[in-house]
Amino acid sequence: MSRIQGMHVRQKLGSDVALLNGMMNVIVSKGLHDKAFVEERTEGFEKLEEALKNYPPEKVAEITGVSVEDIEKIAVLYASSEKSTILYAMGITQHSHGVDNVKSLANLAMLTGKIGKPSSGVNPLRGQNNVQGACDMGGLPNVYPAYQAVTDENNQKKFQDFWNAQLSSKVGLTIMEMMHGLEDGSIKGMMILGENPVGSDPDVRHVKHALQEAEFLAVIDIFLTDTAKLADVVFPGAAFAEKDGTFSNTERNVLRIRKAIDPPGDARPDWQVICDISTRFGLPMNYESPEKIFDEIAQVTPSYAGLSYERLESGGIPWPCPSKDHPGTPILHKERFTRGKGLFHAVEYRPPEELADEEFPILLTTGRFFPHYHTGTMTHNSPTLENEMSEGHIEMHPYDAKDLGISSGEDCRIISRRGEVVTKAIVTDVVEPGTIFMSFHFMEANANVLTNPALDPICKIPEYKVCAVRVEKIEAQASPELSAAASA
Amino acid sequence: MDLKYVRTTCPYCGCGCELLLETVDGKIISTLPSKTNPMNQGKLCIKGWNVHEFVQSPERLTKPLLKKDGVLQEVSWNEALDFTASRLQEIKTKYGGDSMAFLTSAKCSNEENYLFQKLCRVGFGTNNIDHCARL
């Protein structure tokens with residue numbers, strides 16, 4: 001991304017709030033904010049303005065490592081361009097202050113009126129094909145489909161009537177809380193549908209131990225993942241190409257998937273597996289097809305109420321789509337925000353939970369490499385992608401490599417307070433000095449052995465993007481043959 | 001030879017690029033990008049171009065597996081379903097619905113996610129359901 005844009009600033013890991021407050025400080029002091037938008041569409045500006053006084057560019061430069069000149073330049077560029085859009089991914093959210101980061105981005109967009117019109121807004125680029133849909137469908141411990149809170153009596157009654165069941169008004173557990181529950185014995189059984197938490201959760205050893213504690217673990221998946229290996233029973237599901245259904249993408253577009261081939265062997269579409277388990281358990285589920293399930297979804301999910309397979313045949317439709325004649329909603333917050341007026345939050349900078357110190361002097365940040373995906377369940381089973389990159393590595397700046405006496409392609413040992421990993425070092429200035437980058441695609445060199453399970457206090461997201469590590473050279477290695485190729 | 005093109009959506013990231021799966025006699029032989037889709041406009045990333053490879057991997061699970069004497073062994077659907085249903089009933093009766101937890105999937109369809117949370121909420125009277133949105 002940084003190669004195609006006009007300007008690239010690289011703030012220190014976890015200093016996002018300071019940078020954004022610094023930009024807003026510049027915007028307000030130069031009078032570049034959208035006063036009419038702030039007046040008509042928002043509230044709480046005075047509190048924000050007060051808080052921003054603590055973030056003059058000079059101070060922000062010290063915290064973030066971005067120069068005063070660059071802070072001013074990027075602030076002016078964002079505020080004065082006609083089309084300014086904010087796109088972000090997990091680099092913003094996977095912090096112990098992830099919610100603060102997102103609130104700060106919302107502050108910035110509202111302050112400048114860059115929201116509710118084309119090519120503007122605050123846009124998370126969601127990493128999973130259907131993470132939007134899983135949330136929309138109520139795959140969360142606090143909400144029914146369409147974000148209807150389980151704690152609201154009216155919602156509870158509505159779903160009790162519709163499903164003819166007694167429901168709980170108590171907010172359920174998040175993933176990390178489930179893992180703790182398995183360990184303390186309050187959770188006895190777990191069912192996992194197409195996920196591999198052994199690879200994807202922070203502090204892998206802890207997750208594996210927790211799943212081993214389960215009295216009963218059932219997994220539905222298309223591969224025997226590291227998580228499935230721990231299960232008492234594994235059901236073979238179907239891949240996307242073997243079933244009908246819908247995914248909801250990052251733009252809230254509801255998109256059709258269509259069956260192209262049969263599942264292999266005795267494998268069945270996951271929706272059918274769920275129906276089979278549920279019916280055998282004593283809760284009959286009889287749906288002829290995914291379309292019938294979708295029709296039920298439309299009845300209880302107001303934002304999907306106007307959608308049907310028939311309508312989706314001509315292409316995706318973005319929700320909210322409340323009625324059959326509604327065209328869908330490509331842009332949110334046009335006339336008003338969901339809560340009415342947009343609320344500014346005065347957000348203070350908090351450093352990451354774990355910082356570099358004498359024992360662990362380097363910061364580790366994590367993410368993905370282009371040919372692979374998440375824990376690699378799918379991409380390691382794709383020969384072309386495996387051929388692009390078949391083993392894990394860290395990226396390390398030449399200065400650090402020189403200090404440690406490590407050459408490109410050589411194995412090194414990375415140690416954090418949670419565990420240690422041995423993997424190849426690739427020396428590159430893609431990373432900053434004092435920072436290494438690593439992925440969670442490779443089980444034998446998984447960053448999540450090292451990452452810190454510190455959580456954001458509100459949304460409980462783990463701090464994958466910053467933890468402190470030490471890198472050690474492994475003495476007496478044969479000279480690496482790969483070094484020339486790797487650094488080329 | 002039965003040649004077909006099936007229009008569908010990429011299962012990797014959240015972009016939702018439209019694909020055409022080219023099948024011959026019930027096997028996918030290639031993946032092509034949709035030219036007219038406003039999202040990807042004829043483009044795909046390296047993962048999208050090769051998406052048919054993992055689908056037809058020899059490593060795919062083809063039969064239910066049940067752990068017997070500490071080892072996962074292939075069993076019939078009936079045996080796996082009966083075992084699962086009885087374990088779920090035991091846990092619910094003995095410890096209550098709140099002792100169960102469900103991890104649903106950002107890789108599965110809306111329909112599947114809907115059914116899974118329904119099984120959790122209606123079958124067990126608990127809201128212990130989450131997925132990897134944060135991960």
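Residues numbered from 1 in each chain as written. Chains lettered and ligands numbered in written order. Predicted model: local features only at pLDDT ≥ 70, side-chain atom pairs only at ≥ 80, totals over all residues.

With that settled, consider the overall build of chain A. For chain A, the helix and strand inventory stands at 18 helices and 20 strands. The C-alpha atoms of chain A give 24 Å as radius of gyration, which agrees with the globular expectation for 488 residues (23 Å, within 12%). Considering only C-alpha atoms, chain A reaches an extent of 65 × 65 × 45 Å along its principal axes. Looking at chain A as a whole, 50% of its 488 residues qualify as buried. Across chain A, the fraction of contacts at a sequence separation of at least 24, relative to all contacts at a separation of at least 6, is 68%. (Helix = DSSP H or I, 4+ residues; strand = E, 2+ residues; numbered from the N terminus. Rg over C-alpha atoms; globule rule 2.2 N^0.38 Å. Buried ≥ 20, exposed ≤ 12 C-beta atoms within 10 Å, placed from the backbone. Contact = placed C-beta atoms within 7 Å.)

On a plain count of helices and strands, chain B comes out with four helices and seven strands. Taken against the 2.2 N^0.38 rule, which gives 14 Å for 135 residues, the C-alpha radius of gyration of chain B at 20 Å runs more than 25% over that of a compact globule. Counting only C-alpha atoms and orienting by the principal axes, one finds that chain B spans roughly 55 × 30 × 25 Å. When contacts within chain B are restricted to residue pairs at least 6 apart in sequence, long-range pairs at least 24 apart make up 32% of them.

Residue and element names in this part refer to chain B. Pairing is antiparallel across the open sheet formed by three strands, whose spatial order is S1-S2-S3. Edge strands, defined here as strands with exactly one partner in the open sheet, are strand S1 (3-9) and strand S3 (27-33). Between one strand and the next, the sheet's axes are offset by a mean angle of 30°, whatever the strand orientation. As paired strands, S1 and strand S2 (residues 18-24) are joined by seven bridges and run antiparallel to one another. Paired with leucine 3 across the strands is valine 24, a residue of S2. (Pairing = 2+ DSSP bridges. Axes fitted to C-alpha atoms, helices over the stretch in contact; angles between N-to-C directions.)

Before going further, it helps to spend a moment on the domain arrangement of chain A. Residue and element names in this part refer to chain A. In terms of domains, chain A is made up of domain 1 (16-125), domain 2 (131-316) and domain 3 (362-487). Distance between the C-alpha centres of domain 2 and domain 3: 32 Å. Listed per partner, the contact involves 13 residues of domain 2 and 18 residues of domain 3. Secondary structure elements with two or more residues in the side of domain 2 that touches domain 3: helix H11 (197-200) and helix H12 (204-213). Considered class by class, the residues forming the side of domain 2 that touches domain 3 number four nonpolar, five polar and four charged. (Domains from an automatic or database assignment. Nonpolar A, V, L, I, M, F, W, Y, C, P; charged D, E, K, R; others polar.)

Interface size is commonly expressed as the accessible area that is lost once the parts come together. If you look at the interface, chain B gives 80 residues, while chain A gives 110 residues. Ranked by residue count, the leading element in the side of chain B that touches chain A is helix H4 (residues 110-124) of chain B, at 13 residues. Looking at the side of chain B that touches chain A, its residues break down into 39 nonpolar, 24 polar and 17 charged. Pairing analysis gives four bridges linking strand S6 (residues 189-193) of chain A to strand S6 (residues 100-103) of chain B, with the strands arranged parallel. The residue of S6(B) that forms the bridge with A:Ile192 is B:Leu103.

Glancing now at the nonpolar core. Side chains of a nonpolar character, in soluble globular proteins, are inclined to be buried together. The biggest cluster of nonpolar side chains holds 130 residues, and the ones touching the most others in it are A:Met190, A:Leu364 and A:Ile436. Among all residues touching A:Met190, those that are not within four sequence positions of it are A:Met178, A:Leu182, A:Ala214, A:Leu217, B:Ala101 and B:Leu103. Within the second largest apolar cluster, 32 residues are counted, among which are A:Met23, A:Val38, A:Leu52 and A:Ile92. (Core = buried A, V, L, I, M, F, W, Y, C linked by C-beta atoms within 7 Å.)

With that settled, consider unusual backbone geometry. Glycine aside, a negative phi is what most residues show, and trans is what most peptide bonds show. Between A:Trp319 and the following residue, A:Pro320, the backbone shows a cis peptide bond with an omega angle of 0°. By the element assignment, A:Pro320 lies in the loop between strand S11 (317-318) and strand S12 (342-343). Of note, B:Asp25 is a non-glycine position whose phi angle comes to about 50°, a positive value. For B:Asp25, the position within the fold is in the loop between S2 and S3. The exposed category is assigned to B:Asp25, around which 10 C-beta atoms lie within 10 Å. With a phi close to 45°, B:Gln41 is a non-glycine residue in the positive phi region. Tracing the backbone through its elements, the reader meets B:Gln41 in the loop between S3 and helix H1 (46-49). Under the C-beta neighbour-count criterion, B:Gln41 is labelled exposed, with 12 such atoms within 10 Å.

Domain assignment breaks chain B into domain 1 (3-55), domain 2 (61-95) and domain 3 (97-135). Each of domain 1 of chain B and domain 2 of chain B has a C-alpha centre, and these two points are 35 Å apart.

As a further point, take the packing of helix H1 (residues 16-29) of chain A against helix H4 (residues 57-64) of chain A. All names here are of chain A. At a closest axis distance of 9 Å, the pairing of H1 and H4 adopts a crossing angle of 160°. Taken together, the axes of H1 and H4 lie roughly antiparallel to each other. Note that H1 runs across H4; the crossing there is left-handed. Of the residues in H4, those in contact with Ala18, Leu19, Asn21, Gly22, Asn25 and Val26 of H1 are Pro57, Val60, Ile63 and Thr64. Across the contact of H1 with H4, the residue classes break down as six nonpolar, four polar and no charged. (Parallel < 35°, antiparallel > 145°, perpendicular 65-115°, else oblique. Left-handed = near helix turned anticlockwise from the far one by under 90°.)

In the predicted model, chain A carries a mean pLDDT of 92, and the fraction of residues at 70 or more is 96%. The model gives residues 482-488 of chain A a pLDDT under 50, and that stretch makes ten contacts with residues more than four places away or in other chains. (pLDDT = per-residue confidence, 0-100.)

This part covers the sheet that holds S11(A). All names here are of chain A. Reading across the sheet, the three strands line up as S9-S10-S11 and stay open at both edges, with antiparallel pairing between neighbours. If you trace the sheet from one side to the other, it starts and ends with strand S9 (245-248) and S11, each paired once. For S9 and strand S10 (residues 253-257), the ladder comprises four bridges, and the chain directions are antiparallel. Bridge assignment links glycine 245 to a residue of S10, and that residue is isoleucine 257.

Attention now moves to the pairing of S6(A). All names here are of chain A. Among the five residues that make up S6, five are buried, leaving the element largely enclosed by the rest of the structure. With burial as the criterion, each face of S6 is covered, one bearing Gly189, Met191 and Leu193 and the other bearing Met190 and Ile192. In terms of strand pairing, S6 meets strand S7 (residues 216-221) through five bridges, oriented parallel. Along S7, the bridge assignment pairs glycine 189 with phenylalanine 216.

Glancing now at the confidence of the model for chain B. Across chain B, the average pLDDT comes to 95, with 98% of residues at 70 or higher. Per the prediction output, this complex has pTM 0.88; the corresponding ipTM is 0.97.

Those residues of helix H10 (residues 175-184) of chain A not exposed but buried are A:Ile175, A:Met176, A:Met178, A:Met179, A:Gly181 and A:Leu182. Positive backbone phi, approximately 90°, marks A:Gly185, located one or two places after H10(A).

Quick look at helix H3 (residues 45-52) of chain A now. Residues and elements named next belong to chain A. When we look at burial in H3, the residues that qualify are Phe45, Leu48 and Leu52. Projected onto a plane normal to the axis of H3, the buried residues spread over an arc of 65° and lie on a single side. Facing away from the buried side of H3 by more than 90 degrees, the exposed set consists of Glu46 and Glu50. Lining the buried residues of H3 we find H1, helix H2 (35-41), strand S1 (42-43) and helix H7 (98-111). (Arc of directions from axis to C-beta.)

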